[in-house]
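Listed here are the chains, written in short residue letters.
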Amino acid sequence: MESESFLFVGGEFYSDDRWKTDLPSFPTEGTIFLNGGKACLTVICDYLREHGIHRVLLPAYLCPTIVDTLESCGLSCDYYNITPSFTIDTTDLERHLHDEQAVYFINYFGFSPSPEILNYLCELKHAGRILIEDNAQSGFLTHTTGDFAFNSMRKLCPFDGGYLKTDYDLEPYLAAYTGRENHRLPLIRQYRSQLRDYLFDDIGDREALEALFELAESYYASDEVVLGDEEERQQIEHLDWAGIKQLRRQNYTSLLSLISRNQLISPIFPALQPDNMPLGLPVYIRGGLRDQLNNYLGENGIGLTIHWEDLLKDPRLNGNALAVEMTRNILTLAIDQYTSQRQLEFLSKKLADFTATVRLD
């Protein structure tokens, strides 16, 4: 039986049949199915290089693996500021614009930019600037602004894949990746199956599981697989996405209410947008107590995510004081479809218990 006090979060999910449906339920019209977000970005880079674009202007607050992918594809990176409320600093972006440079923006945690920012991005696009829209944390690609838009499904469900949407013809670039063996998939499938056994039936060994996961992740980085796996695609497209979206939104609203009086926590997005599917509930932790709180939660069986901790030790990114400050204080609370109301209440209680032990000025 599931332990209601246990939360497992962090980008990977265990195998679970609860959300399977017989009918396709994922909007895929006009998209290309690839191996994941990295694969989508790799093909985008192929197109950019072929069309004389060798620089990309990115938000300074981002996952370092994005920079790794761009640089490995032969592109150079420039950065613009993101405010603590996750709004694009358009003045700073303008300051860093160069000729023959694409602009990259992220729909953080499944939230779209404000109408004003979207209008600004559309103006850049109409002026001939190529826009790359990172929807990795959002899932759906129904309303997009970028010339390229892509997602990463493993952030939302226990399957690998990414959907790339563009009006450009990418078939010539895809052909180069035919026949590459995917060493990761057998391993990550084994991990997801064994993780469920470990969590619910206490079968297996945690250290062995972690080693299996790390091995699978190493192949994700080294294999350079681009084309998507048909079995993974079928699994993704036969999940009840309407139900998943509804529960994620319901959990988000419920947890917002549960933590509303906790003075240690400041939600970054205090309200859902009309139609978005949130990745998690990102918050800032006051008083420099984020790491202490995160350790306390881990000791109580709650594993949460920090976006993106690796930024702090990356010399390409950690020179931006604002991005570093955001990274040091952010924590993403669990609201995914694997999280029950009792688990939300347990999380809220542990947050309150910790807050009661600290002094806030």
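Now for a quick tour of the structure. Here the structure is a predicted model, which is why all the values come from computation and not from measurement. (Residues numbered from 1 in each chain as written. Predicted model: local features only at pLDDT ≥ 70, side-chain atom pairs only at ≥ 80, totals over all residues. Heavy atoms only, no water.)

1. A few points about the sheet that holds strand 9 (residues 265–267)
For clarity, the cut-off: Only when DSSP finds a minimum of two bridges between them are two strands counted as paired. A run of H or I in DSSP becomes a helix once it reaches four residues, and a run of E becomes a strand once it reaches two; helices and strands are each numbered from the N terminus. Convention adopted: a line fitted to C-alpha atoms gives each axis, helices being fitted over their contacting stretch, and angles between N-to-C directions are expressed from 0 to 180 degrees. By definition in these notes, contact holds between two residues if any of their heavy atoms fall within 4.5 Å.
Spatially, three strands are ordered 9-10-12 in an open sheet, and the strand pairing comes out antiparallel. The open sheet has two free edges, formed respectively by strand 9 and strand 12 (330–333), since each of these has just one partner strand. This sheet shows a mean twist of 40 degrees between the axes of neighbouring strands, independent of strand direction. Relative to the sheet, helix 11 (residues 321–329) contacts strand 10 (281–285) and strand 12, its axis offset from that of strand 12 by approximately 45 degrees.

2. Brief notes about empty space enclosed by the protein
Definition in use: Note on definitions: the grid is 1 Å and covers protein atoms alone; a cavity is a set of points where a 1.4 Å probe fits but cannot get out; a pocket is an open set with protein on both sides within 12 Å along at least five of seven lines; lining residues have an atom within 4 Å of a point. Grid points are joined across faces, edges and corners, and a volume is the space filled by probe spheres set on the points. When residues are sorted by character, Ala, Val, Leu, Ile, Met, Phe, Trp, Tyr, Cys and Pro go into the nonpolar class, Asp, Glu, Lys and Arg into the charged class, and all the rest, Gly among them, into the polar class.
The full count for this structure, using the stated rule, is two cavities of 30 Å³ or more. The space that makes up the second largest cavity amounts to roughly 50 Å³. Forming the walls of the second largest cavity are Asp16, Trp19, Cys157, Pro158, Leu239, Ile244, Gln337 and Tyr338. Residue composition of the lining of the second largest cavity, by class: six nonpolar, one polar and one charged.

3. A look at the layout of surface pockets
Here the second largest pocket is characterised by a volume of approximately 420 Å³. The wall of the second largest pocket is formed by 19 residues, among which Ser112, Thr142, His143, Asp275 and Asn276 lie closest to the centre. Residues of the lining of the second largest pocket, tallied by class, amount to six nonpolar, 10 polar and three charged.

4. Some details on the nonpolar core
In summary, soluble globular proteins display a tendency toward joint burial of nonpolar side chains. Put simply, the test is: What is meant by a nonpolar core is a set of buried Ala, Val, Leu, Ile, Met, Phe, Trp, Tyr and Cys residues, joined one to another through side-chain atoms within 4.5 Å. Relative accessible area decides the class of each residue, using a 1.4 Å probe on protein chains only: under 20% of the type maximum gives buried, over 50% gives exposed, and in between gives partly exposed.
Counting residues in hydrophobic clusters, the biggest one holds 105 residues, and the most contacted among them are Leu48, Tyr61, Phe86, Trp241 and Leu333. By residue number, the principal contributor to this core is helix 1 (residues 37–50), which donates eight residues. Beyond its immediate chain neighbours, meaning those up to four positions away, Leu333 contacts Leu255, Ile259, Gly280, Leu281, Val283, Leu304, Leu347 and Leu351.

5. Section: the side chain of Arg129
Let me state the cut-off plainly: Neither His nor the chain ends contribute to the count of charged residues, in which Lys and Arg are positive and Asp and Glu negative. Whenever Lys or Arg places a side-chain nitrogen within 4 Å of a carboxyl oxygen from Asp or Glu, that contact is recorded as a salt bridge.
Relative to the helices and strands, Arg129 is located in the loop between helix 4 (115–126) and strand 6 (131–134). Buried and without a salt bridge, Arg129 has Asp99 as its closest oppositely charged side chain, separated by 5.2 Å.

6. Here we look at the packing of aromatic side chains
The geometry of an aromatic ring pair is captured by the separation of the ring centres together with the interplanar angle, meaning the angle of the planes. Quick note on the threshold: Each aromatic pair joins two rings of Phe, Tyr and Trp (for Trp, the six-membered one) with centres within 6.5 Å, and gets the label stacked for planes under 30 degrees apart, edge-to-face for over 60, and tilted for any other angle.
This model, assessed by the stated rule, comprises 21 aromatic pairs. When the centroid spacing of 5.4 Å and the interplanar angle of 65 degrees are considered together, the rings of Tyr47 and Phe148 count as edge-to-face. You can see Tyr47 sitting in helix 1 and its partner Phe148 sitting in strand 7 (residues 148–150), a full 101 residues away along the chain. The pair formed by Tyr47 and Phe148 is uniform in burial state, with each residue classed as buried. Seen in terms of ring centroids, Tyr47 and Tyr173 are 6.0 Å apart; in terms of plane orientation they differ by 70 degrees. Their pairing is edge-to-face. Placement of the pair is Tyr47 in helix 1 and Tyr173 in helix 5 (residues 171–174), with a sequence separation of 126 residues. Neither Tyr47 nor Tyr173 differs from the other in exposure class; each is buried. Pairwise contacts between aromatic rings join Tyr61, Phe86, Tyr108, Phe109, Phe111, Tyr252, Phe269 and Trp308 into one cluster.

7. As for the packing of helix 6 (residues 184–201) against helix 7 (residues 206–222)
We apply this condition: Here is the rule for angles: anything less than 35 degrees is roughly parallel, anything more than 145 is roughly antiparallel, 65 through 115 is roughly perpendicular, and the remaining ranges are oblique. When the near helix sits turned anticlockwise from the far one by under a right angle, the crossing is termed left-handed; a clockwise turn instead gives a right-handed crossing.
Across the interface, helix 6 lies against helix 7 with an axial gap of 9 Å and an inter-helix angle of 155 degrees. It follows from the interaxial angle that helix 6 and helix 7 lie roughly antiparallel. Considering only the axes of helix 6 and helix 7, their crossing is left-handed. Residues Arg184, Leu187, Ile188, Gln190, Tyr191, Gln194, Leu195, Tyr198 and Leu199 of helix 6 lie in contact with helix 7, whose contacting residues are Arg206, Leu209, Leu212, Phe213, Leu215, Ala216, Glu217, Tyr219 and Tyr220. In the contact of helix 6 with helix 7, the residues fall into 13 nonpolar, two polar and three charged.

8. Here we look at the pairing of strand 6
Put simply, the rule is: Crossovers are marked right-handed if the path from the first strand over the helix to the second runs clockwise, as seen with the strands pointing away from the viewer.
On strand 6, burial covers both faces: Leu131 and Glu133 on one face and Ile132 and Asp134 on the other are all buried. Handedness of the crossover joining strand 5 (residues 101–106) and strand 6 through helix 4: right-handed. Bridging between strand 6 and strand 7 involves three bridges; their strand directions are parallel. Bridge assignment links Glu133 to a residue of strand 7, and that residue is Ala149.

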